[in-house]
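Fold and geometry: a report
Now for the letters of each chain:
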Amino acid sequence: MTLLPAEHREDPRAQAQVLQAYAKDAGFADEVMAGAALHARITGLAKWTVSHDPHRQSNPEAVMEAAVRNPLIETDNGIGFEGAAFQEMILFIEDLPW
């Protein structure tokens, strides 16, 4: 996967290109749609982390699994995860015996 140079990390078009390339490499049929979906989930996760886990104390694997499974919603700050429900999903995943 291509990593963005530091000077392009805040550029949404550059982010979209990298995510579309990733989606294409991963075998998604519609890399544009898959790239947009990945971007939405990454954005939601970043917003949740800033507001609810700024010190990143949650289990990283559980957080990623929750980001895959939890629904995105429209928030006051745009697309994101509902804070309490997302945290509950993380805690549930952490307790799974696998």
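Description of the structure in this document. Bear in mind the structure is a predicted one, so any value in this text is a computation, not a measurement. Throughout, residues of each chain are indexed from 1 in the direction in which the sequence is written. Owing to the predicted nature of the model, reporting of local features is limited to residues with pLDDT of at least 70; listing and counting of side-chain atom pairs is limited to 80 or more, with chain, interface and lining totals taken over all residues. By convention in this description, side-chain values take in all heavy atoms of the structure and omit both hydrogens and water.

Concerning the packing of aromatic side chains
For clarity, the cut-off: Put simply, two rings from Phe, Tyr or Trp (the six-membered ring, in Trp's case) pair if the centres are within 6.5 Å, and we call them stacked under 30 degrees between planes, edge-to-face over 60, tilted for the rest.
Scanning the model with the defined rule gives 2 aromatic pairs in all. Relative to Phe-86, the ring of Phe-81 lies with its centre 4.4 Å away and its plane at 20 degrees, an arrangement referred to as stacked. Grouping aromatic residues by their ring pairs yields a cluster made of Trp-48, Phe-81 and Phe-86.

Comments concerning the side chain of Asn-70
Going by this rule: A helix here means a DSSP run of H or I that spans at least four residues, while a strand means a run of E at least two residues long, and both kinds are numbered starting from the N terminus. Relative accessible area decides the class of each residue, using a 1.4 Å probe on protein chains only: under 20% of the type maximum gives buried, over 50% gives exposed, and in between gives partly exposed. Residue contacts follow a heavy-atom distance rule, with two residues in contact if any of their heavy atoms lie within 4.5 Å.
Mapped onto the elements of the fold, Asn-70 is located in the loop between helix H3 (60-69) and strand E1 (73-75). We classify Asn-70 as buried; its relative accessible area is 6%. Among all residues touching Asn-70, those that are not within four sequence positions of it are Arg-41, Phe-81, Ala-85, Phe-86 and Met-89.

A look at the layout of surface pockets
How we decide: A cavity, in this analysis, means grid points on a 1 Å lattice covering only the protein atoms where a 1.4 Å probe fits yet has no way out; a pocket is instead an open set bounded by protein on both sides within 12 Å along at least five of seven lines, and a residue lines either one if it has an atom within 4 Å of a point. Grid points are joined across faces, edges and corners, and a volume is the space filled by probe spheres set on the points. Amino acid classes used here: Ala, Val, Leu, Ile, Met, Phe, Trp, Tyr, Cys and Pro are nonpolar; Asp, Glu, Lys and Arg are charged; the rest, including Gly, are polar.
Estimated volume of the largest pocket: approximately 420 Å³. Around the largest pocket sit 16 residues that line it, and Leu-45, Thr-49, Val-63, Met-64 and Ala-67 are the ones nearest its centre. Every element with two or more residues in the lining of the largest pocket is listed here: helix H2 (31-52) and H3. Looking at the lining of the largest pocket, the element that brings in the most residues is H2, giving 8 residues. Among the residues making up the lining of the largest pocket, the classes are represented as 11 nonpolar, 2 polar and 3 charged.

A word on the packing of H3 against helix H4 (residues 83-95)
What counts, and what does not: Interaxial angle, 0 to 180 degrees, is taken between N-to-C directions of lines fitted to C-alpha atoms, where a helix line uses only the stretch in contact. Here roughly perpendicular refers to angles of 65 to 115 degrees, roughly parallel to angles under 35, roughly antiparallel to angles over 145, and oblique to all remaining angles. If you view the pair so one helix is near and one far, a crossing is left-handed when the near helix is turned anticlockwise from the far one by less than a right angle, and right-handed when it is turned clockwise.
Packing of H3 against H4 brings their axes to within 9 Å, and their N-to-C directions diverge by 125 degrees. Our classification of the angle between H3 and H4 gives oblique. Crossing hand, H3 versus H4: right-handed. Residue-level inspection shows Ala-62, Val-63, Glu-65, Ala-66, Ala-67 and Arg-69 of H3 in contact with H4, the latter providing Phe-86, Met-89, Ile-90, Ile-93 and Glu-94. Looking at side-chain class alone, the contact of H3 with H4 contains 8 nonpolar, no polar and 3 charged residues.

As for the pattern of salt bridges
Note the cut-off: Whenever Lys or Arg places a side-chain nitrogen within 4 Å of a carboxyl oxygen from Asp or Glu, that contact is recorded as a salt bridge.
All chains considered together, the criterion is met by 1 salt bridge. The closest approach of N and O atoms between Glu-65 and Arg-69, which form a salt bridge, is 2.4 Å. Taken as a pair, Glu-65 and Arg-69 lie in helix H3 at a separation of 4 residues, close to a single helical turn.

A look at unusual backbone geometry
Despite not being glycine, Arg-56 shows a phi value in the positive range, around 50 degrees. Within the secondary structure, Arg-56 sits in the loop between H2 and H3.

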